[in-house]
Every structure is written in structure tokens, then in C-alpha cells.
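Geometric and topological summary
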Amino acid sequence: MKRQSFALFGALLVAALLPACNGGKEGEGKEKSGGSDEKFPPQDITEEKEAYYKENSDFFQFKTLADLPTDLEWVNNSHLPEVGSPKAKKGGTSTARIQDFPATLRTIGPKANGGFRGYLLDDVMVRTGRRHPETLEFFPGLAQEWAVDKKSKTVYVRLDPAARWSDGEPVTSDDYLFMFFFMQSEYVQAPWYNNWYGTQYTGITKYDDQVFSISVPEAKPDIDARVLELVPRPEHFYKEFGEDFVDRYQWRFQPTTGAYVVRDEDLEKGRSIALTRLEDWWAKDKKHYRYRFNSDRIEFRVIRDTAKSFEEFKAGNLSGFSLNLADYWYNKMADDNPLVAKGYVKKATFYNDRPRASYGIRINQAKPLLKNKDIRIGINYAMNFERVIEKYFRGDYTRMRTSADGFASMTHPTLKARPFDIKKANEHFAKAGFDKRGPDGILVNKQGKKLSFTLTTGYEPLKDMFPILKQEARKAGLDLKVEVLDATTSWNKLQEKKHDLAFMAFGTFVELYPRYWEGFHGDNAYDTQEDGSDKVKPNTNNLTSTDLPELDKLIDSYRKSEDLDEMREIAFKMEEIIHDEAAFIPGYVVPFYRIGYWRWINYPDDFNVKISDSAGQWFVSWIDEEAKKETLEARKSGKTFPPSIEVYDKYKVD
């Protein structure tokens, strides 16, 4: 397997807000983690891996500690305040709902980017380091300390000798070397990762089992993040890595560096999945980790219908329930609801401060009519998100302005989404030939073709929002056929680029600046065929099929730039082009999250950390078993407690 130039590979989902994907059929056999079986005979990747290292010796280098630069300034940021509350208690079982069963336990490859991946990787795995939620400086993870040499564009890492995989094996430099072999391999069937690990890093050097360095092509302002946010791959677990990776490792739980594992007995396909906390977790007494990951067990039940899951919460079968939607906050779990008024269920609103998820409509320009910019601009003016925010969200949300809101000075300061405007919508539709209304009020062209498109979404909880958009669009002569699919079916359709319009949101990393290559670069829009024709490229984040040479050049310059001011200037130009092309319609920003939870669930005094995007993301809550017993007995006896309805606005952004 030769190392490739990955300039034309696409992108997979960075961090989806879609619920987890569907899994296998109930009753299918369970495979032992990391083991082999009759279906998959033993194989060994060692020889191929070693040959790859030798063939790419410019990338994979091996030195000794004597070769380390002597002038490195090693840091560990021990001054940072601790994450979590010392009041936290270990123990108990939390219960939660997932809409769909995970399609796989893999965290990379086809169907691996479902919502449950956060519990397998993003929010649970201990990374090399992690941004502090208040200061955004890094605190130690797998790394005991690190040093940055901007001149050589290299980050040096010394691993914590205590760091272990959940199967007891030590985390070593070899796991980081293997990570690059793994991520650059076509076997994982993940073009975005192939591209990222093949172009955004220039080499890794092993000095000993605990010390290594990684070099990058540009000394960008966040050069430390490029390395410290990495998660290695356990080399010993992937001994059987090969062409059948996707199937062979489909239901094998990879050893983790985090607090929770999925045991064979925790997996009931199609119905439930659970996380079990490791009693001998290597980081259980480490600063920033000791007051987090407190539940002994977290059980997830598949409940596809939101209304049913709400009933399960009220019955006490779920620990908490999202009250973000206005109907649930103001009506179904109103302040005078007996569960709230009697103090059994607490309500909390937490304002966070972080890059915002990009809720909005992606217009697929690969569809014939939607190639026409006037059609797209007309659709922008026909989408009444102001009405949605006012009526459906009761004015609690705000209109999203750009594709990258919430990045402080890196977000365009003046650009705004096009407002609902029937006159302007009709002007642009008329330019595209749709200038007469049929008997049903929908615009038609000279050929009698209706101005009609399908709006696809996988957000079942928002199903009552879409009739508002549909009704308002009809006023502008646009027919929207709303298609609410289950999360998995919707995402698969979007990845195959078979949609007209798609309402969804990509999650965002907490970074210094937004990303554009994944969602807007032509590399991720089309594949050029042997006959010179272009074919829509599946399995990328470019859901608008945007392919503009001018924008591509800016994105390439942006990725290479080492100057934040220059990057800001380029980012503003890119946002202006994206706005002008009108293939992304900004929807709304959710400046907070709201939750209802039983009184035996406790949170820190400030409730959560500044950059959290949900109550559970940082695992700072804990269970009070005595309060649980007290509450359950009180419900029977009629005893009440003071109601708790709190607003945490310390991080509210004006």
C-alpha cells in the first residue's frame, strides 16, 4: 500500500448533530472485542505496516532521546483550574434515549459518524490533550507534557507513563505511528481522514516508547491543537487490519483511553446499548478527570418517537430530557407541571459560548433546476425563518447570519441571511422563467413545470416546524414537499447527494477559526470520470455540491496561511462568496440548551462548562442515590420539595 497524494479526497461528517444510526437486526451474533471468528479468519497486518513505514521513511522516522533538541520548553499548564466539581460522587446508573441504534461500533468508515460516536470517541476518549473549557488552553490527557517548536513546525510530546488502553495495554509512541498508517489507509474507507492525515501532517518521529514528535506543513496559530487533539489507535487491537476492515471490525469495541467501555453484554442490537465505567481506569485520580465520568453505568434505550421518550422521562425511566423545543419548555413541562411544582423534576437553562451548529438548508446544486442561481436566491427569500423563530421557538432563538457563526472575530461582522421577502423571491423566480401562478398558487414556467422541491430532514423532533416553512413558501409561489425521514435514512440520502434541499446542522469543533474545505471545496463536490465528465461525489460534507474555482483557491490559501489576520480576511471573502451563491440558507442559532432532570441528578454550581453543547457532553453530573430513594418515596407519599427552575447566564453572549 503506497502512501498517496490525497488532494482530491472528500470529507466525511466532522461532527454531526444527527441522532445515532440504525444497527443490525435483533438477534445477530455478538463478536468478542478484538477477537477473530469463523467468518473472519486470522490475518496479520504487521508486515504490510512495516513495509509502509520503510517506503515512507521521510514521514515515519525513528531516533533516540539523544536526538531531542535541548532547548525545548516543555509545558503542562498545571495552573489551569480543575474541570468538574469536588462534590461529585461516583456510582449509580444513568438512563438516556437514543433515536436509532448505532450502525457500528467503529468510529471511522461507512456509517460511523452517527450521534452515538460521541460516546465512543469524541466526548469520552482521553486525547493527547484537551482544550480547557474556560481558557481554551490545553490541559494534559495522554500527554504528560509537550513542547512546541514553531520554527520547525513540530510539536513534541511526552506521554504519561500511566496511560493505558482499557484492555490494560500501555499507550505508546507506536500507537501514534500506527494511527497515521491507519488513517492514511484506503482500508478504512474514509476519504476525509485520508486527506486530513495525508496532507495536514508532514511526519512523525519516535524517540522512545513515551516520546515522539509530529510535524505539520504550516505553523498555523493553533499548531498545538493539530497534535494535542489527536487520538491514537491501539496497534495491538488492529493486528487484523486489512481490506475487510469495515466488516471485520463492525461490532468490535476498540479499547479506549476513556472511562467507559461497551462490553459484549452491554449490546442488545436494535434495542439498547450501555457504557460501563472502568473501576481501574488509569485517569480516575488525574486532575480534570477525577470529578467527571461519575456514573457507574449509562444505559441507552432506543426510543424512536420523541413523544414516547417524554412519557418515559415523566415515568422516571430516563434521567433527563431535552427541553430545547419551546413546546416542551413552556407547555408539556411547564413550571406549574406537578413534577416541577412538587420539586421532583428540575429545569435548567444554560447559556453557552462556542461556535454554533450550522442549522440551515443546504441546496443541492447538482440538481438541474437548482444550478440556477436565481432559483436558489428565490428560495432564500421564500424561507421564513423569522416566522419559525417567532412562532415555533417563541423568540428564544436567533437567526443565523453566516455558515460560521460563533467564531468571535473570525465570523463575518456584517453579513446577514436574506430575510423573508415575497417580492424579491418572485423577482428571482421570474428571472429563472417561473413567472406565472397555477390554479393552486404555485409558480410554473412556460413548459408548465411547477416550482416544486423536496425538503429532506432527519430531525423528527422538529417535524412540527416544517409546516410553517412550507406554508410561508407557498406565499412566494414555491411548493415544498417536506420529507421527514429517520435519521439514518436521511443521512444516507444526503451522503448520496440525492436530495433537493436538506435541513440539517453540522456540529462544530471549538477552534480558533472555522473550516471551509469540508463543506465548500470542489474536491468534495464532483469526481472527474475517464471520459472527462463530472460525477457527483458521495460521502462528503459538501451537501450543496459547491464547485467554484475562485472559492477553491481561497480555501487552499486559507488552509496554508500561518497568519490569523490573513486568515480572517480570507474567511470574510469566502463567506461573501458563499452568501452570493445562495446554496446555504442560514437557519437559526440556539444560544443555550434547556433540560429537565430528576432531582437526584446533580450538576456543579455553575451547572456546566462554557463550551459545552449539551448537559452531558463533559460528563460533570453525578447521581445522589439517597436523593433518588427519597424522591421515589416522596412521589408515593405526596411529600414535596422546593421547585428548582434555574437560568445559568454566566456565559450568555449579548
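Residues numbered from 1 in each chain as written. Predicted model: local features only at pLDDT ≥ 70, side-chain atom pairs only at ≥ 80, totals over all residues. Heavy atoms only, no water.

Section: the overall build of the protein
Under the convention used in this document: Every helix listed is a DSSP run of H or I at least four residues long, and every strand listed is a run of E at least two residues long, numbered separately from the N terminus. Our radius of gyration looks at C-alpha atoms and nothing else; its globule reference is 2.2 Å times the residue count to the power 0.38. Residue burial is assigned from relative accessible area. The probe radius is 1.4 Å, only protein chains are included, and a residue is buried under 20% of its type maximum, exposed over 50%, and partly exposed in between. Contact criterion: two residues are considered in contact whenever any of their non-hydrogen atoms come within 4.5 Å of each other. Computed with the Shrake-Rupley method and a 1.4 Å probe, the accessible areas treat only the protein chains shown as cover for residues. In this tally, Asp and Glu contribute negative charge and Lys and Arg positive charge; neither His nor the terminal groups of the chain are included. Taken as the charge location is NZ of Lys, CZ of Arg, CG of Asp or CD of Glu.
A tally of regular secondary structure across the protein gives 18 helices and 29 strands. For a compact globule of 654 residues, the expected C-alpha radius of gyration is about 26 Å, and the protein comes in at 25 Å, within 12% of that figure. Each principal axis of the C-alpha atoms in the protein carries an extent, and together these give about 80 × 75 × 55 Å. Evaluated residue by residue, the protein yields a buried proportion of 58% over its 654 residues. Here the analysis covers contacts within the protein between residues at least 6 apart in sequence; of these, 75% occur between residues at least 24 apart. Taken as a whole, the protein presents about 27100 Å² of accessible surface, with 47% of it coming from carbon and sulfur. Of the side chains in the protein, 97 bear a positive and 103 a negative charge, and the two mean positions are spaced by 5 Å.

What to know about the packing of aromatic side chains
The relative placement of two aromatic rings is captured by the distance of their centres and the angle of their planes. Our working definition: For this analysis, a ring pair means two rings from Phe, Tyr or Trp (six-membered ring only for Trp) whose centres lie within 6.5 Å, classed as stacked if their planes differ by under 30 degrees, edge-to-face if by over 60, and tilted for the remaining angles. Should the NZ of a Lys or the CZ of an Arg lie within 6 Å of a ring centre and within 35 degrees of the ring normal, that charge is described as sitting over the ring.
In the structure shown here, the tally under the stated rule is 70 aromatic pairs. Ring geometry for Phe-241 versus Phe-245: centroids 5.4 Å apart, planes at 75 degrees, classification edge-to-face. Judged by its relative accessible area of 1%, Phe-241 falls in the buried class. Just above the ring of Trp-329 sits the side chain of Lys-347; from NZ or CZ to the centre is 3.9 Å.

Thoughts on unusual backbone geometry
We note that Leu-136 has phi near 70 degrees; this positive angle belongs to a residue other than glycine. Assignment of secondary structure puts Leu-136 in the loop between strand 3 (129-131) and strand 4 (138-140). The exposure class assigned to Leu-136 is partly exposed, which follows from its relative accessible area of 32%. In this structure, Phe-293 takes a positive phi of about 55 degrees despite not being glycine.

Focus: the nonpolar core
The criterion, for reference: In these notes, a set of buried Ala, Val, Leu, Ile, Met, Phe, Trp, Tyr and Cys residues joined through side-chain atoms within 4.5 Å is what counts as a nonpolar core.
Residues Ile-379, Met-383, Phe-503 and Tyr-588 are the most contacted members of the largest nonpolar core, which totals 182 residues. Among the elements that line this core, the one with the most residues is helix 3 (residues 173-183), at eight residues. Here Ile-379 is in contact with Ile-363, Leu-370, Phe-429, Phe-453, Leu-478, Leu-501 and Ile-585, once residues within four sequence places are set aside. By size, the runner-up hydrophobic cluster in this structure holds six residues, among which are Leu-72, Ala-147, Tyr-156 and Tyr-207.

Let's talk about the pairing of strand 6 (residues 154-159)
Let me state the cut-off plainly: A pair of strands is considered paired only if DSSP assigns at least 2 bridges between the two.
Across the six residues of strand 6, five count as buried, placing the element largely inside the fold. Of the pairings in the sheet, the one linking strand 5 (residues 143-149) to strand 6 comprises six bridges and is antiparallel in character. Each bridged residue has a counterpart across the sheet, and for Glu-145 the counterpart in strand 6 is Arg-158. With antiparallel pairing between neighbouring strands as the criterion, strand 5 and strand 6 make up a hairpin whose turn holds four residues, including Lys-153 at a positive phi of roughly 55 degrees.

Overview of the environment of Asp-527
Note on placement: Asp-527 falls in strand 22 (residues 526-528). Between the C-alpha atom of Asp-527 and that of Asp-222, which follows or precedes it by 305 residues, the distance is 32 Å. For Asp-527, the contacting residues outside a window of four places in its chain are Ser-533, Asp-534, Lys-535 and Lys-537.

Considerations on the sheet that holds strand 29 (residues 645-648)
We count it as follows: Working convention: axes come from line fits to C-alpha atoms, limited for helices to the stretch in contact. Angles between N-to-C directions cover 0 to 180 degrees.
Pairing in this open sheet of four strands is mixed, and the strands run 13-26-14-29 from one edge to the other. At either end of the open sheet lies a strand with only one pairing partner, and these are strand 13 (320-322) and strand 29. Between one strand axis and the next, the sheet turns through 20 degrees on average, direction left out of account. As paired strands, strand 13 and strand 26 (residues 592-598) are joined by three bridges and run antiparallel to one another. Residue pairing across strands places Phe-321 opposite Gly-596, the latter belonging to strand 26. Across the sheet, helix 7 (residues 306-314) is in contact with strand 13, strand 14 (345-351) and strand 26; its angle to strand 13 comes to roughly 145 degrees.

Observations regarding the environment of Gly-441
Relative to the helices and strands, Gly-441 resides in the loop between strand 17 (436-437) and strand 18 (443-444). Measuring from C-alpha to C-alpha, the distance between Gly-441 and Arg-130 comes to 55 Å, with 311 residues separating the pair along the chain. Not counting the four nearest positions on each side in its chain, Gly-441 is found in contact with Arg-474 and Gly-477.

Examining the packing of helix 16 (residues 549-560) against helix 17 (residues 564-581)
Note the cut-off: By definition in this entry, angles of less than 35 degrees are roughly parallel, angles greater than 145 are roughly antiparallel, angles of 65 to 115 are roughly perpendicular, and the rest are oblique. Here a crossing is taken to be left-handed if its near helix is turned anticlockwise relative to the far helix by less than a right angle, and right-handed if that turn runs clockwise.
Put simply, helix 16 and helix 17 touch, their axes get as near as 10 Å, and they point 155 degrees apart. With respect to each other, helix 16 and helix 17 are oriented roughly antiparallel. The handedness of the crossing between helix 16 and helix 17 is left-handed. Where helix 16 approaches helix 17, its residues Glu-550, Leu-551, Leu-554, Ile-555, Ser-557 and Tyr-558 are matched on the opposing element by Met-567, Ile-570, Ala-571, Lys-573, Met-574, Ile-577 and Ile-578.

Notes on the pairing of strand 26
Buried residues dominate strand 26, accounting for seven of its seven residues. Alternating positions in strand 26 separate into two faces, Phe-592, Arg-594, Gly-596 and Trp-598 on one and Tyr-593, Ile-595 and Tyr-597 on the other, with burial throughout. Relative to strand 26, strand 14 is paired through seven bridges, and the arrangement is antiparallel. Pairing of Lys-346 across the sheet is with Tyr-597, part of strand 26.

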